[in-house]
Amino acid sequence: MMPQWIRACATDDIDQEDLIRFDHGGATFAIYHSPDGAFFATAGLCTHENVHLCDGLVMGHLIECPKHNGQFDYRTGEAKRAPVCVNLRTYPVRVDGSDVYIELP
Amino acid sequence: MARRDYGLLGPDGVRAVETGLAAAEWYHTDVPRKVMKDLMQRSDQPAIRDTILLYGCMIAFAAAGIALWGTWWCVPFWLAYGVLYGSASDSRWHECGHGTAFKTPWMNNAVYEIASFMIMRNSATWRWSHARHHTDTYIVGRDPEIAIMRPPAFIKLIGSFFGIPEVIDFFPRMIRNALSGPTPEERTFVPQSEWGKVQRVAIIYTAIYAATLAAAIGMQSILPFMVIGLPRIYGAWHHVMTGVLQHGGLADNVTDHRLNSRTVYMNPISRFIYWNMNYHVEHHMFPMVPYHALPRLHEAIRHDLPAPNRSIAAAFAEMWPALRRQLAYEEFFVKRALPPTAKPYREDFHRAALGDMPTTTPDAIPAE
């Protein structure tokens, strides 16, 4: 199946240095608005345990899981702080006007 | 019901996984995102202030204790030093382990390592055990940090006020970890990538205690152990006194922290030593909120929680009779009433754990 660009939200749906949850096709994703105005997307669940990252805290370019305080760099998905050990999957994002799209396989 | 098996490799743990009780989704009070974001914000300032105060007092008390060594005047200074070493280290270990005390990561890590050593917990192992405690709080067979099991072991509990069972467990475990890494039980919650770290930490601890022993032999005095090691015994009482109130006498095998955790109002000194962990329902429900913001979180969600106990004494008055009842009736626990503004407990969801069990509210504990 070809990758598809899916509209996830409007740019002003997410405050800067924050994130929202986006569900599509039975999967859940997290969409981020960084402090420097860029948008990013990752899998919506922490790789440590199945906790939704949308309730976590964005600090700079890090997302901290609300359950165990594990951290990822949401730009690359890299696990940065225990107890997370497995990197987070990331997805390409593009902004078209006031809409945020993510590319899903 | 069969007796509980608290072993992490036992049948209760297997059953919790099979029934979905392990790693379940827990109840959370609704808090607007903007309010929660504000509560979660990190800051270095409160923890730097508290850490300077803590370590400054420890240095001053230890210096006075050493200067007055050999006289009775040293006793109050050692008692004060002991509480800061053997009890405040527990809350510093806890909060810095969460990474929420300071905004700056290296500060969290530095205080975490020092506190772990003082409280006699391998810093690598216990980071993971506490993660499990938050995933499966008081789920029998899953939570490695259940302080009071059923039926309660009162002799062990009283011994814990002097750190005795923990110290007896710690030193052989430290040697074993130093020689061969984590034990089989520890390997159930410590990822393999961290096993080497567990061993390195144990080697460092062993070296420090060996150096302390050498100093004591060289000086022909226990004074070096009054500074390192023994305060974990003579100063443990405060963290046990506050720690047993966190979950003691409440429900197990449920997924609502309002049923298995307790918030207790405490005096300012105890709150400094305990770093606000008296707001324990709040902490478990929202572990990302730093200790210094817990009073504000409490105000934000108290409408949805059981009324807090008004003091340490009031909390013991609620807990102690329940523990005594659990000697005869293992299923007994205190179920606190919720205010009318709260969302009800999910009786349907917890029926397996709470269903026909004898429970009570604090003012209606059956006579023994």
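Reference entry: report on the structure contained in this document.

### What to know about the overall build of chain A
Thinking step 1. A tally of helices and strands in chain A yields zero helices and eleven strands.
Thinking step 2. Starting at the N terminus and ending at the C terminus, chain A contains elements arranged as β-β-β-β-β-β-β-β-β-β-β.
Thinking step 3. Overall, chain A is about 35 × 30 × 20 Å in size when its C-alpha atoms are taken along their principal axes.
Thinking step 4. The buried share among the 105 residues of chain A stands at 50%.
Thinking step 5. Here the analysis covers contacts within chain A between residues at least 6 apart in sequence; of these, 39% occur between residues at least 24 apart.
Thinking step 6. For chain A, the exposed surface amounts to about 4800 Å²; the carbon and sulfur share of it is 47%.
Thinking step 7. Seen as two clouds, the 8 positive and the 15 negative side-chain charges of chain A have centres 6 Å apart.

### A short note on helix H8 (residues 164-180) of chain B
Residues and elements named next belong to chain B.
Thinking step 1. An ideal rise of 1.5 Å per residue puts 24 Å on 17 residues; H8 measures up with 25 Å between its terminal C-alpha atoms.
Thinking step 2. Of the positions making up H8, those classed as buried are Val 167, Phe 170, Met 174, Asn 177 and Ala 178.
Thinking step 3. Buried residues belonging to H8 abut helix H9 (195-219) and helix H11 (231-234).
Thinking step 4. One or two steps after H8, the chain reaches Gly 181, where phi turns positive at roughly 80°.

### What about the packing of aromatic side chains?
The description of an aromatic ring pair uses the distance of the two centres, along with the angle that the planes make with each other.
Thinking step 1. The full count for this structure, using the stated rule, is 16 aromatic pairs over all chains.
Thinking step 2. Aromatic side chains Tyr81(B) and Tyr85(B) sit 5.8 Å apart centroid to centroid with 50° between the ring planes, which places their arrangement in the tilted category. A residue pair is termed a helical-turn pair when its members lie 3 or 4 positions apart in one helix, as Tyr81(B) and Tyr85(B) do in helix H4 (residues 74-98) at four residues. Accessibility assignment for this pair places Tyr81(B) and Tyr85(B) in one class, buried.
Thinking step 3. Sitting above the plane of the Trp5(A) ring, Arg94(A) keeps its charged end 4.9 Å from the centroid.
Thinking step 4. Over the ring of Tyr101(A) we find Arg94(A), and its NZ or CZ is 4.8 Å from the ring centre.

### Side note on the environment of Lys156(B)
Thinking step 1. Position of Lys156(B) relative to the elements: it lies in helix H7 (residues 154-160).
Thinking step 2. Relative accessible area serves as the criterion here: at 46%, Lys156(B) is assigned to the partly exposed category.

### Describing the sheet that holds strand E7 (residues 71-73) of chain A
Residues and elements named next belong to chain A.
Thinking step 1. With respect to topology, four strands assemble into an open sheet ordered E5-E6-E7-E8, the strand pairing being antiparallel. Edge positions in the sheet fall to strand E5 (57-59) and strand E8 (78-81), since each of these pairs with one other strand and no more. In this sheet, adjacent strand axes meet at a mean angle of 30° when their direction is disregarded.
Thinking step 2. Where E5 meets strand E6 (residues 62-64), three bridges bridge the pair, whose relative direction is antiparallel.

### Some remarks on the nonpolar core
All names here are of chain B.
Thinking step 1. Formed by 46 residues in total, the largest nonpolar core has its most connected members in Met 36, Leu 245, Phe 286, Val 289 and Leu 297.
Thinking step 2. Broken down by secondary-structure element, the contributors of at least two residues to this core are helix H2 (33-40), H4, helix H5 (105-119), H7, helix H12 (237-243), helix H15 (280-285), helix H16 (294-301) and helix H17 (312-328).
Thinking step 3. By size, the runner-up hydrophobic cluster in this structure holds 33 residues, among which are Trp 78, Phe 117, Tyr 205 and Met 226.

### Remarks on the pattern of salt bridges
Thinking step 1. In this structure the tally under the stated criterion is 26 salt bridges over all chains.
Thinking step 2. Residues Asp99(A) and Arg7(A) are paired through a salt bridge, measuring 2.9 Å at the closest nitrogen-oxygen approach. Here Asp99(A) is found in strand E11 (residues 99-104), whereas its partner Arg7(A) is found in strand E1 (residues 4-10), with 92 residues between them in sequence.
Thinking step 3. Note on Arg7(A): relative accessible area 40%, which makes it partly exposed.
Thinking step 4. The salt bridge involving Arg49(B) is made with Asp50(B); its shortest N-O contact spans 3.0 Å.
Thinking step 5. For Arg49(B), a relative accessible area of 46% puts it in the partly exposed group.

### Section: the packing of helix H6 (residues 123-135) of chain B against H9(B)
All names here are of chain B.
Thinking step 1. Where H6 meets H9, the axes come as close as 7 Å, and the angle between the chain directions of the two elements is 130°. Classified by the angle between their axes, H6 and H9 sit oblique to one another. Together, Ser 123, Ala 124 and Thr 125 of H6 and Lys 197, Val 198, Val 201 and Tyr 205 of H9 make up the contact between the two elements.
Thinking step 2. Its residues assigned to classes, the contact of H6 with H9 shows four nonpolar, two polar and one charged.

### Topic: H5(B)
All names here are of chain B.
Thinking step 1. The end-to-end C-alpha distance of H5 is 21 Å, a good match for the 21 Å that 15 residues give at a rise of 1.5 Å each.
Thinking step 2. Buried within H5 are the following residues: Met 107, Asn 108, Val 111, Tyr 112, Ala 115, Ser 116, Phe 117, Met 118 and Ile 119.
Thinking step 3. Looking one or two places after H5, you find Met 120, whose phi comes out positive at around 60°.

### Re the sheet that holds E1(A)
Residue and element names in this part refer to chain A.
Thinking step 1. An order of E1-E11-E10 is seen for the three strands of this open sheet, with the pairing classed as antiparallel. Across the chains shown, the open sheet's two edge strands, defined by having one partner strand only, are E1 and strand E10 (93-96). For this sheet, the mean angle separating the axes of adjacent strands, direction not counted, is 35°.

### Considering the pairing of E10(A)
All names here are of chain A.
Thinking step 1. Here four bridges tie E10 to E11, and the two strands are oriented antiparallel to one another. Opposite Val 93, over in E11, you have Ile 102 as the bridge partner.
Thinking step 2. Two successive antiparallel strands, E10 and E11, enclose a turn made up of two residues, where Gly 97 displays a positive phi of approximately 65°.

About the thresholds
Counting from 1, residues in each chain are numbered in the order their sequence is written. Chains and ligands are labelled by the order in which they are written, letters from A for the one and numbers from 1 for the other. Under the rules for a predicted model, residues below a pLDDT of 70 receive no local features and side-chain atom pairs below 80 are neither given nor counted, while totals for whole chains, interfaces and linings still include all residues. To obtain the side-chain values, all non-hydrogen atoms of the structure were included, while hydrogens and water were left out. A run of H or I in DSSP becomes a helix once it reaches four residues, and a run of E becomes a strand once it reaches two; helices and strands are each numbered from the N terminus. The buried label goes to any residue with under 20% of its type's maximum accessible area, the exposed label to any with over 50%, and the partly exposed label to all in between, with areas taken from a 1.4 Å probe on protein chains only. The contact criterion used is simple: two residues touch if any of their non-hydrogen atoms lie within 4.5 Å. For accessible areas, the Shrake-Rupley method is used with a probe of radius 1.4 Å. Any residue's cover is judged against the shown protein chains and nothing else. Under the counting rule used here, the positive set is Lys and Arg, the negative set is Asp and Glu, and His together with the chain ends is not counted. In this description, the location of a charge corresponds to atom NZ of lysine, CZ of arginine, CG of aspartate or CD of glutamate. An expected span of 1.5 Å times one less than the residue number is assigned to each helix. Aromatic contacts are taken between Phe, Tyr and Trp rings whose centres are within 6.5 Å, Trp giving its six-membered ring; a plane angle under 30 degrees counts as stacked, one over 60 as edge-to-face, and the others as tilted. The criterion for a charge sitting over a ring is simple: Lys NZ or Arg CZ within 6 Å of the ring centre, and within 35 degrees of the ring normal. When DSSP locates at least two bridges between a pair of strands, those strands are taken to pair. Between N-to-C directions, angles span 0 to 180 degrees; the directions come from axes that are lines fitted to C-alpha atoms, helices contributing only their stretch in contact. Each nonpolar core is a collection of buried residues, namely Ala, Val, Leu, Ile, Met, Phe, Trp, Tyr and Cys, held together in the definition by side-chain atoms within 4.5 Å. Salt bridges are defined by distance alone: a side-chain nitrogen of Lys or Arg within 4 Å of a carboxyl oxygen of Asp or Glu. Orientation categories follow fixed angle ranges, with anything under 35 degrees roughly parallel, anything over 145 roughly antiparallel, 65 to 115 roughly perpendicular, and all other angles oblique. Each residue is assigned to one of three groups, with Ala, Val, Leu, Ile, Met, Phe, Trp, Tyr, Cys and Pro labelled nonpolar, Asp, Glu, Lys and Arg labelled charged, and all others, Gly among them, labelled polar.

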